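The chain contents come next:
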Amino acid sequence: MDPFALSIVEGALVAASDEMFQVVRQTSYSPIIYEVLDYATGITDANGRLVVQGNGVTGFLGSLSSGVQAVLQKYTDIGPGDVFIVNDPYTAGGSHLSDVTVVRPFFHNGTLLGFGASKAHWTEIGGAKPGSWSNDAADVYAEGLYIPLMKIVDRGVVNETLMALIAANVRTPVYTLGDLQSQLGALVIGERRVAEAAAKYGTETVLEAMASILDRGRKAALRALRRLPKGTYFAEDYLDSDGATDQPVYVCVKVTIDDDTFTADFTGSSPSVASTINATWPSLECGVRTTFRALIDSEEPTSDGMFAPLSIICPPGTVFTAQPPTPVSTYWEASDMAADLVQKALAPHIPELMPAGHSLSVCGSILAFERDPQSPTVGLPILVEPQAGGWGGSEGQDGESALVPIGDGDTCSIPVEVLEATYPVRVLEYALNIVPGGGAGKYRGGFGLIRRLQLLQPATLTASFGRHRFPAWGSHDGGNGTPNYVEVHAADGRPLGRFGRVNGMRLEAGSVVALVTGCGGGYGDPKLRDPARVQEDLANGFLTPEDARRIYGYPADAAQGRESVDDENRN
């Protein structure tokens, strides 16, 4: 086959997936999608193997192909114009009910070329609490509308009954259905672009291009594995609480690497708990794939071929593999921990690739506003957003500051201007959370963020900020990071507390909510930090001279000398 045509078609597939991603962003209704980018798009081959995936949530790696494979297992009669929908957390690439997947077959002249898939977080999917996820749901049925795998479009005809059912079960039907329509539209564009490539270069060329991407991904993974140290490595950690008590939740992993396989075994981790922090098998797979993909470090498109050498072991019924109807709406606490455990197991052995621990938790919050007829402030009634935090230091560099956690990939924080224009809030502060000594090391951890909001209307607050009790871990004698937390003050200024989790706290207009993420862990002995780096931190206001002496052993006369030089330069 013409290698030039093959290369062009491979590029066309990547471009089609990226265009699908942009269509969702430009046409969706909710800021959690068009600003935060809490969604993903991708294309699989006719067997449901992921070929390319657009940017977005790395925590959805693997979920798109699992969704397509579930369609292939359930339906034998799949035709042009069909679209399938599902949000089952336990199968079909699910995570929690708020993440809804739609799948469309891509045809050209009657030939099935593959499938397009889009998975997006809907701000509202019903359930007991506004915003749908919570910390205290007794089972999955309290977390929203449960949609088993079914057709939402049959040969081009929309299932209006299902549309009406969704609209009747959510608090913001216009926005929820608008987000669904954006996903459906993106898949139409994706099919059009792949069909155009088939019309120009031939169906066989498109199919061969898909096979080529899968094969090169597998080879890239094998090359990377052969560069990694061989052996078995172990790590353990704790999730903050089981929900019913203050008892922490034990988790562990055993990672085994040889020339051809990478195995992550989570046997021994805690059973599922009476909390919504449980993950399911699809989320566990996505979490491990995220760290594994980082290790591959290849320019090749992310595909199922790349994950061929990866094996995951975990018995059913653990905090990573919850079974129905266990609640899972804040699943990210467990699935991101799975990614972090693999990183923690390998960090002592490949520090150039694996940094110290980071803020990890999505640090999600919901503000559900009450309508006040007397208030001139009008905005969307439900604000759902994640927060960025500090990453760990690594061999040769400090950790990144204000970066989203590993499971969130290319997502973003909602800009201040958009936040204030869209919701009844005033942003009082949006700044780095500078904690001297947090994540201290030869290469220090990055800083988290503080977002301080004043409510302009009454609201209820729900939040899940993991790593509140067990902050980011240091590596190679580096210090641990600092906790994530939510701090609340009443409208009259009274402190109402500092929390890792908040369950539907009612707040009056004028109340202030501070969403605070922690520093990443440090790498290496702090006393070995380069004085030039200490001086730079002093100049940036990250340290005082006293902090520099106490934490890094930075000489007082050197600090004073630096200040004298700065004064002389200013003069």
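These notes cover the structure that comes with them. Every value quoted in this text rests on a predicted model; they were computed, and no experiment measured them.

A word on the nonpolar core. When a protein is soluble and globular, its nonpolar side chains tend to lie buried together. Ranked by size, the top nonpolar core spans 146 residues in total, and within it Ile-85, Phe-262, Phe-266, Phe-320 and Leu-346 carry the most contacts. Here Phe-266 is in contact with Cys-252, Val-253, Leu-284, Val-288, Ile-312, Ile-313, Cys-314, Phe-320, Ala-338, Leu-341 and Val-342, once residues within four sequence places are set aside. Core analysis: the next-biggest nonpolar cluster, separate from the first, contains eight residues, Ala-440, Val-534, Leu-538 and Ala-548 among them.

Moving on to the pairing of strand E18 (residues 495-499). Relative to E18, strand E17 (residues 485-489) is paired through four bridges, and the arrangement is antiparallel. Bridge assignment links Val-486 to a residue of E18, and that residue is Phe-499. In this structure, the hairpin formed by E17 and E18 is closed by a connection of five residues, where Gly-493 is found at a positive phi of approximately 95°.

Residues of helix H11 (residues 545-552) that are buried include every one of Asp-547, Ala-548, Ile-551 and Tyr-552, and no others. Around the axis of H11, the buried residues are gathered within 100° of arc, so they sit on the same side. Among the exposed residues of H11, those pointing more than 90 degrees away from its buried face are Glu-546 and Arg-550. Of the surrounding elements, those touching the buried residues of H11 are helix H10 (531-539). Of the residues one or two after H11, Gly-553 is the one with positive phi, at around 65°.

On the basis of which strands lie adjacent, the open sheet formed by four strands has the order E8-E9-E10-E11 and mixed pairing. Of all the strands in the sheet, just strand E8 (231-239) and strand E11 (310-313) have a single pairing partner and so form its edges. The mean angle between the axes of side-by-side strands here comes to 15°, regardless of whether they run parallel or antiparallel. With four bridges joining them, strand E10 (residues 262-265) and E11 adopt parallel strand pairing. From the neighbouring strand, Thr-263 faces E11, where its bridge partner is Ser-311.

Evaluation of the coordinates by the stated rule reveals 32 salt bridges. For Asp-547, the salt bridge identified is with Arg-550, shortest N-O distance 3.1 Å. Linking Asp-547 with Arg-550, this pair stays in helix H11, spanning three residues, or about one helical turn. In this structure Asp-547 comes out as buried when scored by relative accessible area, which is 11%. Through salt bridges that share partners, Asp-77, Asp-82, Lys-151, Asp-154 and Arg-155 make up one connected network.

What counts, and at which threshold
Residues numbered from 1 in each chain as written. Predicted model: local features only at pLDDT ≥ 70, side-chain atom pairs only at ≥ 80, totals over all residues. Heavy atoms only, no water. Core = buried A, V, L, I, M, F, W, Y, C linked by side-chain atoms within 4.5 Å. Buried < 20%, exposed > 50% of the residue type's maximum accessible area, 1.4 Å probe, protein only. Contact = heavy atoms within 4.5 Å. Pairing = 2+ DSSP bridges. Helix = DSSP H or I, 4+ residues; strand = E, 2+ residues; numbered from the N terminus. Arc of directions from axis to C-beta. Axes fitted to C-alpha atoms, helices over the stretch in contact; angles between N-to-C directions. Salt bridge = Lys/Arg side-chain N within 4 Å of Asp/Glu carboxyl O.

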